Amino acid sequence: MNIPFVDLQAMHAPLHDEMMTAIEEVVSKGNFVLGHQARAFEEDFAAYSETAFAVGVDSGLSALKLALLAYDIGEGDEVILPANTFIASAAAVTFTGATPVLVDPEPDTYNIDPQKIEAAITKQTKAIMVVHLYGIPAKMDEIMAIAEEHNLIVVEDASHAHGARYNGQRIGSLGHIAGFSLYPAKNLGAFGDGGIITTADESVIEKLTAMRNCGQIGKYNHVHQPYNHRLDTIHAAILQIKLRVLDEWNEKRRQAAQWYSAALADTSVITPIVPDDTESVWHLYVIRTAQRDALSEFLKDRGIATGIHYPVPIHKTPFYQSANLVTNNLPISEAQAGQILSLPMFPGISKEQVQYVADSVREFEANYVTVRL
Ligand SMILES: *Cc1c(COP(=O)(O)O)cnc(C)c1O
């Protein structure tokens, strides 16, 4: 059996005709950049995220950059974020001129540890960037309380968590502002690069919409720092269609996660923990094992594709060896980077496929000396 890591073709097949019609409409109208479909998608996404505003942009990294810039975060400021995230989270901070301050995650949920945030706050701290890693919401009540006490902005990096809920509320509606990636492999993905910002804060909307489009408020009236981070209409038209099935897709991911956790229960690998008050959207199903590299090789030989999210903590990347960065003691990020393994996860993965992955893990354990974490 061959099991891909994600199967976009299978996901897109039932939507094929509708998506082609939408693309033809853009081609025939010629409104390729920020067309009316972009505005419509922003409205749909704001409603979906149960918040007031959404601003479409050209990538997740751009969404996070503009979110920070909207709150005037820049040189001399510090932004606290987890060390175990994708490079884009830290890169957005670095782009603004602010200093990323890395902290360790909680060992069981992989999400940023509120106590470590508190310990990292200095006079320079301006913001906390929360990453809802793997689709599991971070402890937002505690984080918002810390932010309020210290007068900090909370930016959600929601790139793994389109549609997830914390205490019943959608991710993207909990912090001051959120940035989502709409990269093809995310839970909601365009036909290329894309991103979107959500916020309930009307005071930053004019600046955000201006910054993404050459700093303009009205044509050729360049008021804010001019960037080009516009959303293409073809992506918006596709995203509108895919947003309508996102809840259904996320439900299928939840089903697959249940199958995995049940099927792996009698193995030595550590399966994900989802706190009671949260609803994960399972962007990734990540296990942990002391024999990560041997297991991933074994699964590959069985036709099973896996991934590592992420193999190198931010502070160990070559770029951040020399870039401005504050690192405290980060033993959890460093240890877990060598233990985590992402198993195939996509809407429509079958129970048989999940069972085959779990059986292969068991086969591995029967053939190798198992080292428990
Ligand atoms: C994908 C991703 C991003 C960046 O998104 P791009 O659209 O690739 O710029 C940011 N943060 C996390 C956690 C991501 O997974």
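Residues numbered from 1 in each chain as written. Predicted model: local features only at pLDDT ≥ 70, side-chain atom pairs only at ≥ 80, totals over all residues. Heavy atoms only, no water.

What to know about the domain arrangement of the protein
As far as domains go, the protein holds domain 1 (8–243) and domain 2 (246–367). Taking only C-alpha atoms into account, the centre of domain 1 sits 24 Å from that of domain 2. Facing 45 residues of domain 1, the contacting portion of domain 2 comprises 40 residues. Roughly 3,700 Å² is buried in total at the junction of domain 1 and domain 2, and carbon and sulfur atoms are behind 59% of that figure. (Domains from an automatic or database assignment. Contact = heavy atoms within 4.5 Å. Buried area = accessible area lost by both parts, 1.4 Å probe.)

Topic: the sheet that holds strand S2 (residues 78–82)
Taking strand neighbours across the sheet as the criterion, the eight strands line up as S1-S9-S8-S5-S4-S2-S3-S12 in an open arrangement whose pairing is mixed. Strand pairing shows two members of the sheet lacking a second neighbour, strand S1 (53–57) and strand S12 (326–327), which therefore form its edges. As judged from the three bridges shared by strand S5 (residues 153–157) and strand S8 (residues 177–181), these two strands associate in the parallel manner. Considered in S8, the bridge of Val-155 is made with Ile-177. Sitting on the sheet, helix H7 (residues 140–150) touches strand S4 (125–131) and S5, and the angle it makes with S5 is about 150°. (Pairing = 2+ DSSP bridges. Helix = DSSP H or I, 4+ residues; strand = E, 2+ residues; numbered from the N terminus. Axes fitted to C-alpha atoms, helices over the stretch in contact; angles between N-to-C directions.)

Overview of the pairing of S5
Looking along a regular strand, one sees side chains alternate from face to face of the sheet. Of all five residues in S5, five are buried, a share of seventy percent or more. On S5, burial covers both faces: Ile-153, Val-155 and Asp-157 on one face and Val-154 and Glu-156 on the other are all buried. Inspection of the sheet shows S4 paired to S5 by five bridges, in the parallel sense. By the bridge assignment, Val-131 is partnered in S5 with Asp-157. Between the parallel elements S4 and S5, the chain passes through H7 in a crossover that is right-handed. (Buried < 20%, exposed > 50% of the residue type's maximum accessible area, 1.4 Å probe, protein only. Right-handed = clockwise from strand over helix to strand, strands pointing away.)

Looking at the site of the ligand
What surrounds the ligand is a group of 15 residues, the closest being Gly-60, Asp-157, His-160, Ser-181 and Lys-186. One nitrogen or oxygen atom from the main chain of Gly-60 is found 2.8 Å from an oxygen atom belonging to the ligand. One nitrogen or oxygen atom from the side chain of His-160 is found 2.8 Å from an oxygen atom belonging to the ligand. Listed by contribution, the elements that provide at least two residues to the shell around the ligand are helix H4 (60–70) and helix H5 (87–96). The class makeup of the residues in the shell around the ligand is five nonpolar, eight polar and two charged. (Near = heavy atom within 4 Å. Polar contact = N/O pair within 3.5 Å; in protein donor to acceptor, adjacent residues only side chain to side chain. Nonpolar A, V, L, I, M, F, W, Y, C, P; charged D, E, K, R; others polar.)

Section: the pattern of salt bridges
Tallied over the full model, the rule gives 17 salt bridges. One salt bridge in this structure joins Glu-42 and Arg-212, with 2.8 Å as the shortest N-O distance. With Glu-42 in helix H3 (residues 36–48) and Arg-212 in helix H8 (residues 205–212), this residue pair connects regions lying 170 residues apart in the sequence. Judged by relative accessible area, which is 8%, Arg-212 ranks as buried. We note a salt bridge from Arg-165 to Glu-50, for which the minimum N-O separation is 3.2 Å. Here Arg-165 is found in strand S6 (residues 165–166), whereas its partner Glu-50 is found in the loop between H3 and S1, with 115 residues between them in sequence. Shared partners join several salt bridges into a network, and the residues in it are Arg-39, Glu-42, Glu-43 and Arg-212. (Salt bridge = Lys/Arg side-chain N within 4 Å of Asp/Glu carboxyl O.)

Some details on the packing of helix H10 (residues 246–263) against helix H14 (residues 351–367)
Between H10 and H14, whose axes approach to 9 Å, the crossing angle comes to 30°. Looking at the two axes, H10 sits roughly parallel to H14. Crossing of H10 over H14 shows right-handed handedness. Between H10 and H14, the contacting residues are Ala-256, Trp-259, Tyr-260 and Ala-263 on the first element and Lys-351, Val-354, Gln-355, Val-357, Ala-358 and Arg-362 on the second. Its residues placed into classes, the contact of H10 with H14 shows seven nonpolar, one polar and two charged. (Parallel < 35°, antiparallel > 145°, perpendicular 65-115°, else oblique. Left-handed = near helix turned anticlockwise from the far one by under 90°.)

A word on the packing of H4 against H5
Between H4 and H5, the shortest axis-to-axis distance is 9 Å and the interhelical angle comes to 40°. Taken together, the axes of H4 and H5 are oblique relative to one another. Once H4 is placed against H5, the crossing between them reads as right-handed. Of H5, the residues touching H4 (which contributes Leu-61, Leu-64, Lys-65, Leu-68 and Leu-69) are Ala-88, Ser-89, Ala-91, Ala-92, Val-93, Phe-95 and Thr-96. Its residues placed into classes, the contact of H4 with H5 shows nine nonpolar, two polar and one charged.

Things to note about the pairing of S2
Burial analysis of S2 places five of its five residues in the buried class, the great majority of the element. Bridge count between S2 and strand S3 (residues 99–103): five bridges; the pairing is parallel. Bridging from a neighbouring strand, Pro-82 pairs with Val-103 of S3.

Overview of the side chain of His-229
With respect to the element layout, His-229 can be found in the loop between H8 and helix H9 (233–243). For His-229, a relative accessible area of 10% puts it in the buried group. A polar contact of 3.2 Å, which involves the side chain of His-229, links it to the side chain of Asp-58.

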